[in-house]
Amino acid sequence: MAEKQRVNVNFFAPSTDSMKAEVTVARTIIVFWFVLSYCLPVFIWLAGLGDPNGLGESFLTQTRFLGFPLHYWLLAQGCTLGYILLCKLYCILWDKLVVHLHGK
Amino acid sequence: MHRMIFSLILSGIFCLTCATLAAAAGEEIYQLQTGFKLAPAIIMVALLAVYVGVGFLSKVSNTSGYWVAGQGIGKLGNGAAIASDWMSAASFMGVAGLLYLKGWFGLGYIIGWTGGYVLLLCLIAAQLRRFGKYTIPEFLGDRYNSHGVRLIAASVTVIIAITYSTAQFKGIGLICGWIFGMSYQASVFFAAGVVCLYMLISGMAGVTRNQQIQYVVLISAFLLPLWFLMNKAGGHSYLPQLEYGKIISNLMEGKVAASAGGVLDAEATAELKRAYLPWGKGDFYHFIALVFTLMVGTAGLPHIMIRFYTVKNEDVARKSVLWGLFFIGLLYWSSPVYAALGKFWNPTGGKEVADMIILSAPEKAGLPTAFIGYLASGALAAGLSTVAGLLVAGASAIAHDFYATVLRPDCTDREALAVGRLATAGLCIVVIGFALYPLALIAQIVAMAFAIAGNTIFPVVVLGIWYSKSNKYGALAGMSFGLGMTLLAMLGWAAKIEIFSGSGILPATSSALLVCPLAFLINIIVSNIMHDKLDEESADCADELLRKIHNLPGYGDQTEQPKTKAFEH
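Residues numbered from 1 in each chain as written. Chains lettered and ligands numbered in written order. Predicted model: local features only at pLDDT ≥ 70, side-chain atom pairs only at ≥ 80, totals over all residues.

**Student:** Even after reading the chapter, I still don't get helix α22 (residues 512-529) of chain B, so can you show me in this structure?
**Tutor:** The α-helix winds at 3.6 residues per turn, so residues separated by three or four positions along the chain end up facing the same way. All names here are of chain B. When the terminal C-alpha atoms of α22 are compared, their 25 Å separation across 18 residues agrees well with the 26 Å that a helix rising 1.5 Å per residue should span. Regarding α22, the residues found buried are A512, L513, V515, C516, A519, F520, I522, N523, V526 and S527. Contact partners of the buried residues in α22: α13 (284-300), α20 (442-466) and α21 (472-494). (Helix = DSSP H or I, 4+ residues; strand = E, 2+ residues; numbered from the N terminus. Expected span 1.5 Å × (residues − 1). Buried ≥ 20, exposed ≤ 12 C-beta atoms within 10 Å, placed from the backbone. Contact = placed C-beta atoms within 7 Å.)

**Student:** When you look at the interface of chain B and chain A in this model, what are you seeing that I'm missing?
**Tutor:** By a frequent convention, interface size equals the accessible area lost on bringing the separate parts together. Taken together, the 50 residues of chain B in the interface contact 47 residues of chain A. The leading source of residues in the side of chain B that touches chain A is helix α6 (residues 107-131) of chain B, at 12 residues. Of the residues that constitute the side of chain B that touches chain A, the class distribution is 35 nonpolar, nine polar and six charged. (Nonpolar A, V, L, I, M, F, W, Y, C, P; charged D, E, K, R; others polar.)

**Student:** Sorry, what's going on with the packing of α6(B) against α20(B) here?
**Tutor:** A pair of packed helices is captured by two measures, namely the crossing angle of their axes and the spacing between those axes. Residues and elements named next belong to chain B. At a closest axis distance of 12 Å, the pairing of α6 and α20 adopts a crossing angle of 20 degrees. Of the possible angle classes, the one that applies to α6 and α20 is roughly parallel. Between α6 and α20 lies a crossing whose hand is left-handed. Counted together, Y109, L123, I124 and Q127 of α6 and A443, V461, V462 and I465 of α20 form the full contact between these two elements. Tallied by class, the residues present in the contact of α6 with α20 amount to seven nonpolar, one polar and no charged. (Axes fitted to C-alpha atoms, helices over the stretch in contact; angles between N-to-C directions. Parallel < 35°, antiparallel > 145°, perpendicular 65-115°, else oblique. Left-handed = near helix turned anticlockwise from the far one by under 90°.)

**Student:** Whenever I open this one, the confidence of the model for chain B confuses me. Can you help?
**Tutor:** Close reading of the predicted structure is inappropriate where its pLDDT is low. Residue and element names in this part refer to chain B. When the pLDDT values of chain B are averaged, the result is 78; 84% of them are 70 or greater. The spread of mean pLDDT over the elements of chain B runs between helix α3 (residues 64-67), the lowest at 42, and α22, the highest at 92. Taken as a whole, residues 17-30 scores under 50 in pLDDT and shows 26 contacts with residues more than four places along the chain or in a different chain. This stretch, residues 60-71, has a pLDDT under 50; its non-local contacts, to residues over four places away or in other chains, come to 20 contacts. ipTM for the predicted complex: 0.90, alongside a pTM of 0.85. (pLDDT = per-residue confidence, 0-100.)

**Student:** Sorry, what's going on with the environment of G300(B) here?
**Tutor:** All names here are of chain B. Considering the arrangement of structural elements, one finds G300 in helix α13. We classify G300 as buried; it has 32 C-beta atoms within 10 Å. Taking the C-alpha atoms as reference points, G300 and D532, 232 residues apart in sequence, are found 29 Å from one another. Sequence-distant contacts of G300, that is, excluding residues within four places in its chain, are made with A453, G454, I457, F458 and V461.

Below you can see the structure in the form of structure tokens.
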């Protein structure tokens, strides 16, 4: 029996135009998501390496922003705001890159 | 139907009786004011009446109405529905409790539970929507053409329902205990009675939940007390969510409420400051592991994925996630305020007071009992509707996926329904058992449910959508590994084994940082090894589904495939 043409889907090698567009949107957002979720804690960690008590005290914990210690504000409110903006960006990118490919 | 009502009433009465008997033992509910409180009790009943009543008024006639309740509603309304589904006793009480206990470290719960939505939106939402069915076991069963995969997915749904409900029961139990002045054990039984009655009333005649109004009820109960509290704490009560920064800054210098001593001594100040410094209550590794686990868990939780079907229009569905996250954000901008104010009035409280901090902080501030009652009732309503939803989801996984699909494919609807009812009762009993001796804090128990979802469902769904080579052998291997490791970590936590504890290398609350990538890897490797052994039918099934969810050409061509009928609707 002749080998049937199998569907090939791979996030890192999208095949059709619409899949390429969708993957582009997803990748862009995931990069920002990663920076926000992991690079920020890493930054706080690196900044606090000099604390002899190992508690991570640094200029971030001493700076005040809107009355908050900066390291607290960044996670408690900065991240949440960032995620909402990322969802907005996702919608914008999707409208721009993907929607016309589906003929809607 | 009558038999179900009868049995539900009976079990409700049974639980309430047990509660009254056990209440005679009457020990203290943690550190709160004890005794029966009339005003909160009245408010609780009234609020629940509104909560359920709204559903009655906006009742829809057909059952599919339940799923597409938001169809005619725009992005704002569906966003509120997403947020209302999300709000449970864990977000109401648990997050504030953890923030109280762990300070800065607890923020990991907030970014984990909001950031997960971004991941869900990017990798899963749009594609899964095109699949057009409601449950994850169904999606996985069709994608991999395997009963085994479907059964594991259904088991995971049940285990998540049990774990998640246990946390809600703890919350409901604590609140009932506070309002009616019972011991914790008694109030867990009492809570079970309330849950049964709630399910009975709201389940009658196909009542739908009007989630928009319910969101308003819940969020107002959570937010309004903050202005009064901030006022009492000496703020301007302009916007508590921005003002509490000053309180945290003061806490780091040891300044607390006058009633708690005004300025703490050096030792207590150091302890307080420690909680708000980054690694005072947990190290860098555990923070990242927790955040990662909660994110993949959010993206893998079955009952959250379902929400993408509530709106028919794909465009509205996307934008409603934005609003949903905004409404959830309102809640999570406010939980830390309760935690900070809790520290302000009670800087040295420990685990015993943590889960009750949203009630204890107002109480210490001298807020009228009726007001706290409103807050407590909001938390209760959030917990109740979550439990009802979860028990139904768990029971339908047993009845639909185990019994009707695999065990007895030729059974009648009537039999399946009976199995479903039995399963609901069975699950309820199991949950009571776990809730009587809770393993951990509310938010921690919920985090374990997220670990299960993140380790088993998330990898297999993402690979199912984005990697066509993934097949049933890989899926089975990856899912078994993920589920096994998570359950092992939970058992280890319960048995207090060091490496599975909060400070070990694989904590039950945050096991996904290690397990989830491995589950991905195992799925990919096994799929590739077994690639040649895969039968034609399974490969065709997968192809057909992938064509559909990625809008590929050729969808629907192979009409001779028996499975294709499942795709028409």
